[in-house]
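# Inside the fold
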Amino acid sequence: MKVLKDRAALWSFVGLLLAFAATSFYAPSASAHGEKSQAAFMRMRTIHWFDLHWSKEKVAVNENVEISGKFHVFEGWPESVREPNVAFLNIGIPGPVFIRKESYIGGQLVPRSVRLEIGKTYEFRVVLKARRPGDWHVHTMMNVEGGGPIIGPGKWITIEGGRFADFKNPVTSLTGQTFDLETYQESNIAFWHVFWAVFGVAWILYWVRRPVFLPRYLLAEAGRADELVSATDRKVGIGFAAATILIVVASMGAANTKYPITIPLQAGTMRGMIPIEEKKSTVAVKVEDATYRVPGRAMRMKLTITNNGNSPVRLGEFYTASVRFLDSSVFKDTSGYPEDLLAEDGLSVSDNSPLAPGETRTVEVTASDAAWEVYRLSDIIYDPDSRFAGLLFFFDASGTRIISQVDAPLIPSFI
Ligand SMILES: [Cu+2]
C-alpha cells in the first residue's frame, strides 16, 4: 500500500514538473487582441475605421491621449450581426490601463449605448487618461448588441513616467465636493463588509464554542433536541436579530443624512447621433471581378473607374478590415498608423496615371502585404460568405480626397 502511495506521489510530482516546464517555456506575447480570430468577411463588411489619429504614442501616468477618427457603418451589414441599433463606442485595452475620460460621436458625449444607422459615416473622439505603466495595444472598438465586439485598428501606446499608485481621477459632483474616483468610498465599502462579516462570524462562534456535530446529533436523535438551546441562547438570538435590524435602520438613516442628494443610475440608449454630411463620390468604381490566391498574401481586383469630377484623380489607397494598402507614389501616411496594418507600398495599379474628368478606365489593382496573412484576411476561405468590402481613396493633384466604397464577391484561385 505504501509503495503504491509513494508511486502515485512520485508521478504526480513528475506530472506537475512537466506541466510547469511546458507552460514556462511557452509564453507567447499577445499582439493582436481578438480581431485576428474573427471571421474575415465580418471584419471587412461591418465597420470601416479611417482617418484615425492618435495624439501621442508615449504618455506619463495622469496624462491624456486622444484617439479620433471616422467610422463608416457598411451598407451590406452581415446577416449574422444584429443591426447596430444599440451599439457602444468602446476601447479595447487589457483592463483599465487607461481610463476613458470622454468619448464622443458626432460631437456628442456618448457614455451610453447609441443607435447607429447603417450606411452612415460618423466622426468619433475618445479621450483616455493614462493609469498603469506599460506598453499597451489600444484599439478603438464598437460593441454591437446581439452582434459582439467589432474591433478597430490597434496601436501600441506606452505609458511611462509616473507610477500606477500616483494615478488620480478627480471628479467634482453637483453637490460641490471634489473626490478621487480611484479611491472614493473605498474605506466605507471595506468597513461595512468587514463589519457584517465579523457580525456573522460572531454568531457562528457563539455556537461553535460548544461541541457542534456528534453530541448534538445524538441528543436530537434521542428526542431531546430542546435541551440543545437554552434560555440564554434564545436571548442571544433575539439580541442578534434586534441588533441587525437596529444597525440597518440607523446606518441607513445616517447614510441618507450624510448623502441627502443621490440619483439613480443614468441609463438608456441615445438616439439621433449626427452623421457626417457626405458628398456623393465623384469617382464611380465598378468591381469587375476580385480574387485572391490560396495560399497567398494578396488580393487582386479588376476595377472600372469613371471620374465624374472635374479634376484628374489617381488611386492612393485601398482599405479593408483595418489594413491600409497605399500606393506611395500617390499618398503617404503621416498619422503614425500601426505598422503591422500599414502597407506603405502595398497597392499596385496597372495604370495609375491621372484619370481625367469624364474618362473611364479599367485597371488591375493588387493589394498585397504580409498583413493580409498576419491578420488572417486570407482566412476568408473558411468563411460562409466570400464577399469583401472596403474603401478606395482617390486623390487629385491638389491632394483633395474622394472616397468610393467597393463591395463585391471575392473568389479564391488555387492554381
Ligand atoms: Cu491589440
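This structure is a prediction, so every number in the text was calculated from the model and none was measured.

Turning to the overall build of the chain, a few remarks are in order. Counting secondary structure elements, the chain contains six helices and 21 strands. By the compact-globule yardstick of 22 Å for 415 residues, the chain is too spread out, its C-alpha radius of gyration being 31 Å. Within the chain, buried positions represent 35% of all 415 residues. With the model as given, the accessible surface of the chain reaches about 23600 Å², and the carbon-plus-sulfur share is 60%. For the chain, the centre of its 44 positive side-chain charges and the centre of its 44 negative side-chain charges are spaced 8 Å apart.

As a further point, take a nonpolar patch on the surface. A contiguous nonpolar surface patch, about 1000 Å² in accessible area, is contributed by Val201, Trp203, Ile204, Leu205, Val208, Val212, Phe213, Leu214, Tyr217 and Leu218. At the level of elements, helix 3 (186-208) and helix 4 (214-221) are the ones that each hand at least two residues to the nonpolar patch. Sort the elements by how many residues they give to the nonpolar patch and helix 3 lands first, with five residues. Locating Trp203 in the fold gives a position in helix 3.

Let's shift gears to the packing of aromatic side chains. The description of two aromatic rings rests on the distance between their centres and on the angle between their planes. Tallying each qualifying case throughout the model produces 21 aromatic pairs. The interplanar angle of 45 degrees and the centroid separation of 6.1 Å between the aromatic rings of Phe71 and Phe124 together place this pair among those described as tilted. Of this pair, Phe71 sits in strand 3 (residues 64-73) while Phe124 sits in strand 7 (residues 121-130); the two residues are 53 residues apart in sequence, bridging distant segments of the chain. Accessibility assignment for this pair places Phe71 and Phe124 in one class, buried. Between the aromatic rings of Phe195 and Phe199, the centroid separation amounts to 6.1 Å while the plane-to-plane angle is 25 degrees, which identifies the pairing as stacked. Of this pair, Phe195 and Phe199 both sit in helix 3, separated by four residues, roughly a single helical turn. When its relative accessible area of 26% is taken as the criterion, Phe195 is described as partly exposed. Here Phe199 falls in the buried class, since its relative accessible area comes to 18%. Through pairs of rings, three or more aromatic residues link up here, namely Phe191, Trp192, Phe195, Trp196, Phe199, Trp203, Tyr206, Trp207 and Phe240. The aromatic ring of Tyr375 is capped on one face by Lys36, whose charged end is 5.5 Å from the ring centroid.

Looking now at the pairing of strand 3. Of all 10 residues making up strand 3, eight are buried, and the element is well covered by its neighbours. Of the pairings in the sheet, the one linking strand 3 to strand 7 comprises nine bridges and is antiparallel in character. Paired with Lys70 across the bridge in strand 7 is Glu123.

With that out of the way, let us pick up the domain arrangement of the chain. By a widely used convention, the size of an interface equals the accessible area lost when the partners come together. Entries for the chain in the domain assignment read domain 1 (35-175), domain 2 (186-258) and domain 3 (283-414). A separation of 25 Å is found between the C-alpha centroids of domain 1 and domain 3. Buried area between domain 1 and domain 3, summed over both chains or domains, comes out near 2200 Å², and the portion from carbon and sulfur atoms is 58%. The largest per-residue losses of area from domain 1 upon contact with domain 3 belong to Lys36, Met44 and Arg45, which jointly make up 29% of the total buried on that side. Across the domain 1-domain 3 interface, the total number found is two salt bridges. Viewed at the interface, domain 3 and domain 1 are joined by 11 residue pairs in polar contact (both at pLDDT 80 or more). Those elements that place two or more of their residues in the side of domain 1 that touches domain 3 are helix 2 (40-44), strand 1 (47-54), strand 3 and strand 9 (148-159). Among the elements that line the side of domain 1 that touches domain 3, the one with the most residues is strand 1, at seven residues.

Criteria and thresholds
- Residues numbered from 1 in each chain as written.
- Predicted model: local features only at pLDDT ≥ 70, side-chain atom pairs only at ≥ 80, totals over all residues.
- Heavy atoms only, no water.
- Helix = DSSP H or I, 4+ residues; strand = E, 2+ residues; numbered from the N terminus.
- Rg over C-alpha atoms; globule rule 2.2 N^0.38 Å.
- Buried < 20%, exposed > 50% of the residue type's maximum accessible area, 1.4 Å probe, protein only.
- Areas by Shrake-Rupley, 256 points an atom, 1.4 Å probe, with all protein chains shown as cover.
- Lys, Arg positive; Asp, Glu negative; His and termini not counted.
- Charge placed at Lys NZ, Arg CZ, Asp CG, Glu CD.
- Patch = residues over 30% accessible without salt bridge, like charges linked within 9 Å, V, L, I, M, F, W, Y side chains within 5 Å.
- Salt bridge = Lys/Arg side-chain N within 4 Å of Asp/Glu carboxyl O.
- Phe/Tyr/Trp six-rings, centres within 6.5 Å; stacked < 30°, edge-to-face > 60°.
- Lys NZ or Arg CZ within 6 Å of the ring centre and 35° of its normal.
- Pairing = 2+ DSSP bridges.
- Domains from an automatic or database assignment.
- Buried area = accessible area lost by both parts, 1.4 Å probe.
- Polar contact = N/O pair within 3.5 Å; in protein donor to acceptor, adjacent residues only side chain to side chain.

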